[in-house]
Amino acid sequence: MASRAPTNFPGGSSSSAALLLGRQFKQMQTVKDIPGISCGLVGNSVFEWEIMLMLDEEQDSLYGGGIFRALLTFPPTYPHLPPTLTFTTPIFHPNIYAPPSGAVCISILHPPEDDAYGYEKASERWSPVQTPESILLSVISLLGSPNDESAADAEAGRLWREDRKEFRRRVRRCVRDSMEA
């Protein structure tokens, strides 16, 4: 009999979300061996994944060498609603809320509806075709190419726009700190 990934669901029952996440987790562990990305379950629940991004200099000249941990938390309604991604390793970036939050602000993790402020179209937001793999690859891309028009960390956004030398100095410090953690 084939073994399955754990499918715990709040309340102890199984769900289609848990089954889908179990399959996607197994693929990330076996088939989708993506360089620089490691993931594991928190406890025995497929609804919370511990992520480790280990970026090399070729992937990202600013954050390269860093080892950044994050939590990817899925709602019971996944894939209809997006997960949240929160860095547990402090990281200085315009689109990541400053510690202690660490929450990633990226369009594909926003609910699939029109933006009340008119900044994002519904088509730029979450879609059930997104996967944990596409989310993590998008976040890696975001690290090297911040969206300074919508900064979650105002100071990082300002430095990205106005003082790249200081921005780089702050990023390299968080990269060094991430290697010592």
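In case you missed it, the structure is sitting above this.
Residues numbered from 1 in each chain as written. Predicted model: local features only at pLDDT ≥ 70, side-chain atom pairs only at ≥ 80, totals over all residues. Heavy atoms only, no water.

A.B. asks: What is the right way to look at the sheet that holds strand β1 (residues 37–42) in this model?
C.D. replies: Strand pairing in a sheet relies on backbone hydrogen bonds, with the paired strands running either antiparallel or parallel. If you walk across this open sheet you meet the four strands as β1-β2-β3-β4, and the pairing is antiparallel. Each having just a single partner strand, β1 and β4 (84–87) make up the two edges of the open sheet. Averaged over all pairs of adjacent strands, the angle between strand axes in this sheet comes to 25°, irrespective of strand direction. With six bridges joining them, β1 and strand β2 (residues 45–54) adopt antiparallel strand pairing. Pairing of Val42 across the sheet is with Ser45, part of β2. (Pairing = 2+ DSSP bridges. Helix = DSSP H or I, 4+ residues; strand = E, 2+ residues; numbered from the N terminus. Axes fitted to C-alpha atoms, helices over the stretch in contact; angles between N-to-C directions.)

A.B. asks: Sorry, what's going on with the nonpolar core here?
C.D. replies: For soluble globular proteins, nonpolar side chains are generally found buried alongside one another. Judged by nonpolar contacts, the single largest core of 45 residues is most densely connected at Trp49, Tyr63, Phe87 and Phe167. Residue assignment for this core shows that the elements contributing at least two residues are α1 (16–29), β1, β2, β3 (67–73), β4, α2 (132–144), α3 (154–162) and α4 (164–180). In this structure Tyr63 touches Leu55, Phe68, Ile91, Phe92, His93, Leu143, Phe167, Val171, Arg172, Cys174 and Val175, once residues within four positions along its chain are discounted. (Core = buried A, V, L, I, M, F, W, Y, C linked by side-chain atoms within 4.5 Å. Buried < 20%, exposed > 50% of the residue type's maximum accessible area, 1.4 Å probe, protein only. Contact = heavy atoms within 4.5 Å.)

A.B. asks: How should I be thinking about the pairing of β4 in this particular structure?
C.D. replies: On a regular strand, one side chain projects to one face of the sheet and the next to the other, so that they alternate. In β4, alternate side chains face the same way, and those of Leu85 and Phe87 are buried while those of Thr84 and Thr86 on the opposite face are not. Relative to β4, β3 runs antiparallel, the two sharing four bridges. If you follow Thr73 over to β4, its bridge partner there is Thr84.

A.B. asks: Mind showing me how you'd approach α2 here?
C.D. replies: One turn of the α-helix equals 3.6 residues, which is why residues spaced by three or four share an orientation. Its 13 residues give α2 an end-to-end C-alpha distance of 19 Å, which sits within 8% of 18 Å, the value for a rise of 1.5 Å per residue. Along α2, the residues that are buried comprise Pro132, Ile135, Leu136, Val139, Ile140, Leu142 and Leu143. Projected down its long axis, α2 shows its buried positions confined to an angular sector of 160°, all on one face. As for α2, its buried residues are in contact with α1, β1, β2, β3 and β4. (Expected span 1.5 Å × (residues − 1). Arc of directions from axis to C-beta.)

A.B. asks: Before we go on, may I ask you to explain the packing of aromatic side chains in this structure?
C.D. replies: What describes a pair of aromatic rings is the distance from one ring centre to the other and the angle between the planes of the rings. If you walk through the whole model with that rule in mind, you get eight aromatic pairs. Measuring from ring centre to ring centre gives 6.2 Å for Tyr63 and Phe68, while their planes differ by 70°; the resulting arrangement is edge-to-face. Seen from their ring centres, Phe92 and Phe167 are 5.7 Å apart, and the 45° between their planes marks the pair as tilted. Taken as a pair, Phe92 in the loop between β4 and α2 and Phe167 in helix α4 lie far apart in primary sequence, 75 residues in all. On the basis of relative accessible area, Phe92 is assigned to the buried category, the value being 8%. Given the relative accessible area of 1%, Phe167 is considered buried. Feature note: the residues Phe25, Trp49, Phe74, Tyr78 and Trp126 constitute an aromatic cluster, connected by ring pairs. In this structure, Arg164 is placed above the aromatic ring of Trp160, and the distance from its NZ or CZ to the ring centre is 3.5 Å. When the ring centre of Phe92 is taken as origin, the NZ or CZ atom of Arg170, which lies over that ring, is 4.2 Å away. (Phe/Tyr/Trp six-rings, centres within 6.5 Å; stacked < 30°, edge-to-face > 60°. Lys NZ or Arg CZ within 6 Å of the ring centre and 35° of its normal.)

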